[in-house]
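Remarks on the overall topology
This is what each chain is made of:
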Amino acid sequence: MATLEQKIIDELKLALEYQEPTGDYAQWLMSISLPSVIERKNDQLVITARVVVKTSDSDYVDGMDIAFSLEPIIDPNYYQNDPDYHGGSIEDSQPWLKKHGKVILEQMDNPFKIAGDQHE
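**Comments concerning the environment of aspartate 57**
For aspartate 57, the location among the structural elements is in the loop between strand S4 (44–55) and strand S5 (60–69). Judged by its relative accessible area of 56%, aspartate 57 is exposed. Spatially, the C-alpha atoms of aspartate 57 and glutamine 6 are 28 Å apart, while their sequence positions differ by 51 residues.

**Considerations on the pattern of salt bridges**
For side chains of opposite charge, pairing can occur when their charged atoms come near one another. In total, this model carries three salt bridges according to the counting rule given. The partner of aspartate 65 in a salt bridge is arginine 50, and the shortest N-O contact between them spans 2.8 Å. With aspartate 65 in strand S5 and arginine 50 in strand S4, the pair connects residues that are 15 residues apart, well separated along the chain. Taking relative accessible area as the criterion, aspartate 65 reaches 29% and is therefore assigned partly exposed. What makes arginine 50 buried here is its relative accessible area of 12%.

**Here's the deal with the packing of aromatic side chains**
As enumerated under the stated definition, the model contains two aromatic pairs in all. Seen in terms of ring centroids, tyrosine 18 and tyrosine 25 are 6.0 Å apart; in terms of plane orientation they differ by 45°. Their pairing is tilted. Between the NZ or CZ atom of arginine 50 and the centre of the ring of tryptophan 96, over which it lies, the distance is 4.2 Å.

**Quick notes on the side chain of glutamine 27**
Here glutamine 27 shows up in strand S2 (residues 26–34). Here glutamine 27 falls in the buried class, since its relative accessible area comes to 6%. A polar contact of 2.8 Å, which involves the side chain of glutamine 27, links it to the backbone oxygen of leucine 16. Setting aside anything within four residues of it in sequence, one finds glutamine 27 in contact with Leu16, Glu17, Tyr18, Val53, Lys54, Thr55, Tyr79 and Phe112.

**Some details on the pairing of S5**
Inspection of the sheet shows S4 paired to S5 by nine bridges, in the antiparallel sense. Counterpart to valine 46 in the pairing with S5 is serine 69. Connecting the antiparallel pair S4 and S5 is a turn made up of four residues.

**What to know about helix H2 (residues 90–100)**
If you check which residues of H2 are buried, you get Ser93, Gln94, Trp96, Leu97 and His100. For H2, the secondary structure elements touched by its buried residues are S2, S4, S5, strand S7 (85–89) and strand S8 (102–106).

**Some points on the nonpolar core**
Grouped together as the largest cluster of nonpolar side chains are 18 residues, with contacts concentrated most on Leu12 and Ile66. Of all the secondary-structure elements, those providing two or more residues to this core are helix H1 (3–16), S2, S4, S5 and S8. When neighbours within four sequence positions are excluded, leucine 12 is seen to be in contact with Glu17, Leu29, Ile32, Ala49, Val51, Ile66, Phe68 and Ile74. Residues Met30, Val52, Tyr85 and Trp96 belong to the second largest nonpolar core, which totals six residues.

**Some details on the confidence of the model for the chain**
Mean pLDDT over the chain: 85, with 91% of residues reaching 70 or higher. Confidence, read as mean pLDDT per element, is least for strand S6 (residues 73–74) in the chain (67) and greatest for S2 (94).

Conventions used here
- Residues numbered from 1 in each chain as written.
- Predicted model: local features only at pLDDT ≥ 70, side-chain atom pairs only at ≥ 80, totals over all residues.
- Heavy atoms only, no water.
- Helix = DSSP H or I, 4+ residues; strand = E, 2+ residues; numbered from the N terminus.
- Buried < 20%, exposed > 50% of the residue type's maximum accessible area, 1.4 Å probe, protein only.
- Salt bridge = Lys/Arg side-chain N within 4 Å of Asp/Glu carboxyl O.
- Phe/Tyr/Trp six-rings, centres within 6.5 Å; stacked < 30°, edge-to-face > 60°.
- Lys NZ or Arg CZ within 6 Å of the ring centre and 35° of its normal.
- Polar contact = N/O pair within 3.5 Å; in protein donor to acceptor, adjacent residues only side chain to side chain.
- Contact = heavy atoms within 4.5 Å.
- Pairing = 2+ DSSP bridges.
- Core = buried A, V, L, I, M, F, W, Y, C linked by side-chain atoms within 4.5 Å.
- pLDDT = per-residue confidence, 0-100.

What follows is the structure in structure tokens.
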């Protein structure tokens, strides 16, 4: 995996993945895709990651596009907007994600779930 791809994954995991201390709720990145095209926005080179997020309390997923400068620095305003893909099924989120570009992460299972844990 390219270094830029790993940096984007790491930043997105840091920003979006978490589990409540009680273990009753978790949110994680289910999938990420990146386009092969880099854009120029406001005199910066930008790559936009398409992200699908899953929570432990729903069978549905949400998705959004999040821009990164090539440093990479995550767009600090990504969470202020409504999701671009909201409340869809996991199956329906995959074509939306792949239409954007190469899928660089697939994580279907809750990474916070401990073996034998009944919370999902």
